[in-house]
Amino acid sequence: MADIAASAWVRNTAPDGTGFIRAGSGAPVLLIHGVGMNATIWQGQIASMKDRHDLIAIDMLGHGVSPLPPENATLSDFADQAVRLLDHLGLASVSIVGHSMGALVALEIALRAPSRVHSIVCLNAVFRRPPALARAVRERAAALGAHGDAAAVAATLARWFGDPLPASLAGAAATARTALEGVDAQGYARTYRLFARADADHADALAGLAAPALFMTGSQDSNSTPAMSAAMARLAPHGQCLVLSGERHMMAIASPEKVTQHISAFLDAGEAEKPQADAAFDSGEFRRALGSFLTGVTIVTTIGAEGEPRGFTANSFTSVSLEPPLVLVCIAKKALGHSAFSTSKGFAINILSESQKAHSGIFASKAADKFAAVAWQPGQTGNPLIDGSVAVFDCAMQQLVDAGDHSILIGRVRDFSHNGAQPLGYCRGTYVTPGLSQEALAAAPPDTEVGAILENEGRVLFFETADGFHELPAGRGLGTPKDARSLKGRLAARAIDAQLGFLFAVWDDAAAPSHTHVYYRGTVDGPYSDDRHVRLVDIEQIADLRIADPAVRSMLARYARERMEDAFGVYVGNEVEGEVRPLAKPSPVLLSGRG
């Protein structure tokens with residue numbers, strides 16, 4: 001490694017034989033390297049931080065010029081060495097930056113002597129290695145060879161920098177190679193064996209870490225993984241996790257400017273919420289990224305101080321709790337209705353259907369009387385409930401939470417209702433209709449059978465034939481009301497007002513693969529046809545019906561089952577075999593959406 005200018009640092013030895021480098025002036029920072037390295041590997045950090053910090057880079061036991069650790073060393077042996085050095089230098093407290101094994105030592109100091117540590121940065125730290133990785137590290141520790149083992153050095157560099165070695169990392173790899181080839185073999189072996197078994201030593205103690213802590217690693221570090229840093233940050237009361245994209249285990253010497261920038265920002269900020277500079281945060285791109293999440297659309301309503309109805313359009317709605325029943329929605333503090341909603345005793349959330357796109361636009365505007373354009377009724381708590389909504393939740397105000405430039409309204413649901421209409425969607429600044437794609441059906445072969453399972457309040461619509469069989473509404477293609485052979489034509493002929501929704505099943509005849517069947521889920525509204533052959537059958541009674549087509553019979557059995565579970569999928573195959581592809585992966589817990 002190239003030497004730092006003599007005026008920039010002082011190489012010295014403490015009374016107990018500990019080697020160290022000291023440079024700069026300002027707030028003191030102790031730098032602790034990892035296994036196989038020495039104090040000089042902090043050259044990049046010393047050069048960047050010496051104008052604002054008093055930097056002390058230690059040679060840990062068995063490395064550099066420091067004495068060997070005990071044969072069966074513990075982390076406390078290395079922590080005691082560092083504390084003795086601080087006492088020698090007259091430093092009551094410091095911030096500590098530790099890399100890999102050095103991060104374990106830093107945590108040991110902070111946990112055993114919290115008054116000596118102002119803050120801590122753990123670079124590429126290990127924590128609770130998974131079994132396969134733990135076994136590999138222990139095997140390497142057991143197989144340590146003689147001093148300067150070329151094969152072992154090469155294998156280590158490959159893990160740290162990649163194989164083949166990227167040309168951009170050749171200089172950093174050469175620095176690491178020099179340190180590895182120069183380390184005392186016995187000191188290296190004793191330290192590595194401790195490193196191999198100490199990854200869980202602080203698992204039960206991190207919850208008591210008093211100092212602010214930054215756990216930083218590289219996204220490509222397969223030994224000190226991002227998951228490890230995230231787990232430690234979660235356990236530490238003042239912990240933060242930062243993962244540097246594209247970086248590997250030796251990022252402190254491979255990308256010294258990037259790493260040092262984040263170290264300095266964290267140390268300078270103390271307990272600031274994040275080490276990254278806010279100036280680099282693009283709020284416009286952030287908004288566009290949030291818009292990638294497909295949501296529903298709601299109109300949130302309340303009654304103002306003078307008894308007038310108030311409302312706004314929002315897609316920041318989510319469920320919060322089942323017991324008690326809680327939901328939330330967000331409103332911008334700059335919104336005209338913020339005062340009315342933030343001081344109200346309750347509000348209602350109206351989830352819009354595909355036919356209510358115009359309603360959404362009205363309530364997103366600054367129209368003077370938004371409610372003049374919609375039909376609504378007062379709910380149980382007096383809040384306006386908009387007619388035709390897919391679902392409504394009438395809520396009492398449970399809690400108002402301040403959150404940046406928005407307020408979060410958490411409501412306790414007092415009453416609710418819902419129906420089978422298709423919801424309106426919103427994504428990337430535009431409305432989407434996740435139900436029927438008529439354009440896709442228009443391109444289907446003209447003899448494609450298109451049918452529908454039409455439901456109303458737990459009953460499914462059937463046509464009864466003269467010989468006592470029951471059929472679902474179906475026709476040749478989707479068609480139009482004037483096309484008597486199409487699905488829409490057959491429904492119109494019986495004066496049935498139906499709304500088609502999500503795709504439910506697609507299959508080909510096994511004997512004639514070109515003959516395709518497409519069935520949708522949907523809803524049917526009254527008034528119903530006077531035709532006595534049109535029947536609404538309770539879902540639980542469908543299994544008793546005479547249905548000639550076994551494929552349709554099987555589809556209806558799946559419909560009844562999935563409706564009970566409220567977890568619909570799409571069947572793809574033929575009438576003999578196929579698979580049901582879920583519309584969403586089931587989750588054992590209640591998930592909340594974007595707020």
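What you see is a predicted model, and the numbers here were worked out from it, not measured in a lab.

Moving on, we come to the sheet that holds strand S11 (residues 309-314). Taken together, the 7 strands give an open sheet; going across it, the order is S11-S10-S14-S17-S18-S13-S12, and neighbouring strands pair in antiparallel fashion. At either end of the open sheet lies a strand with only one pairing partner, and these are S11 and strand S12 (317-321). Taking each pair of neighbouring strands and ignoring which way they run, the sheet shows an average axis angle of 35 degrees. Examined bridge by bridge, strand S14 (residues 346-351) and strand S17 (residues 391-403) share 6 bridges and lie antiparallel to one another. Looking at the pairing, Phe 347 lines up with Cys 395 of S17. Helix H13 (residues 357-364) contacts strand S10 (298-303) and S11 of the sheet and is inclined by roughly 110 degrees relative to S11.

A few words now on the pairing of S14. Taken across its 6 residues, S14 has 6 buried, putting it largely inside the fold. Taking every second residue as pointing to the same face, both faces of S14 are buried, with Gly 346, Ala 348 and Asn 350 on one and Phe 347, Ile 349 and Ile 351 on the other. Sheet topology note: the S10/S14 ladder contains 4 bridges and is antiparallel. Residue pairing in the sheet places Thr 298 in a bridge with Ile 351 of S14.

Next up on the list: the nonpolar core. Ranked by internal contacts, the top residues of the largest apolar core, which has 93 residues, are Met 101, Leu 123, Phe 161 and Met 216. Non-local contacts of Met 216, meaning those with residues more than four positions away in its chain, are made with Val 121, Cys 122, Leu 123, Asn 124, Ser 229, Leu 242, Leu 244, Met 251, Val 259, His 262 and Ile 263. By size, the runner-up hydrophobic cluster in this structure holds 20 residues, among which are Ile 453, Phe 504, Ala 505 and Ile 547.

Running from N to C, helix H5 (residues 150-161) and helix H6 (residues 170-182) point in directions that differ by 145 degrees, and their axes come no closer than 10 Å. Judged by the twist between their axes, the crossing of H5 over H6 is right-handed. Residues Val 153, Thr 156, Leu 157, Trp 160 and Phe 161 of H5 form the contact with H6, whose own contacting residues are Ala 172, Ala 173, Ala 176, Arg 177, Leu 180 and Glu 181. The residue makeup of the contact of H5 with H6, split by class, is 8 nonpolar, 1 polar and 2 charged.

It is worth spelling out the sheet that holds strand S20 (residues 430-432) at this point. Pairing in this open sheet of 3 strands is antiparallel, and the strands run S9-S19-S20 from one edge to the other. Both edges of this open sheet fall to strand S9 (295-296) and S20, since each of them pairs with a single strand only. Where S9 meets strand S19 (residues 425-427), 2 bridges bridge the pair, whose relative direction is antiparallel. Its bridge partner lying in S19, Gly 296 is registered against Gly 425.

Between its terminal C-alpha atoms helix H4 (residues 131-142) stretches 16 Å, which fits the 16 Å expected from 12 residues at 1.5 Å a residue. Looking at H4, one finds that the buried residues are Leu 133, Ala 134, Val 137 and Ala 141. Looking down the long axis of H4, one finds its buried residues gathered within 100 degrees of arc, a one-sided arrangement. Those residues of H4 that are exposed and angled more than 90 degrees off the buried face are Pro 131, Ala 132, Glu 139 and Ala 142. The elements touched by buried residues of H4 are helix H7 (185-197) and helix H8 (226-235).

Definitions and cut-offs
- Residues numbered from 1 in each chain as written.
- Predicted model: local features only at pLDDT ≥ 70, side-chain atom pairs only at ≥ 80, totals over all residues.
- Heavy atoms only, no water.
- Pairing = 2+ DSSP bridges.
- Helix = DSSP H or I, 4+ residues; strand = E, 2+ residues; numbered from the N terminus.
- Axes fitted to C-alpha atoms, helices over the stretch in contact; angles between N-to-C directions.
- Contact = heavy atoms within 4.5 Å.
- Buried < 20%, exposed > 50% of the residue type's maximum accessible area, 1.4 Å probe, protein only.
- Core = buried A, V, L, I, M, F, W, Y, C linked by side-chain atoms within 4.5 Å.
- Left-handed = near helix turned anticlockwise from the far one by under 90°.
- Nonpolar A, V, L, I, M, F, W, Y, C, P; charged D, E, K, R; others polar.
- Expected span 1.5 Å × (residues − 1).
- Arc of directions from axis to C-beta.

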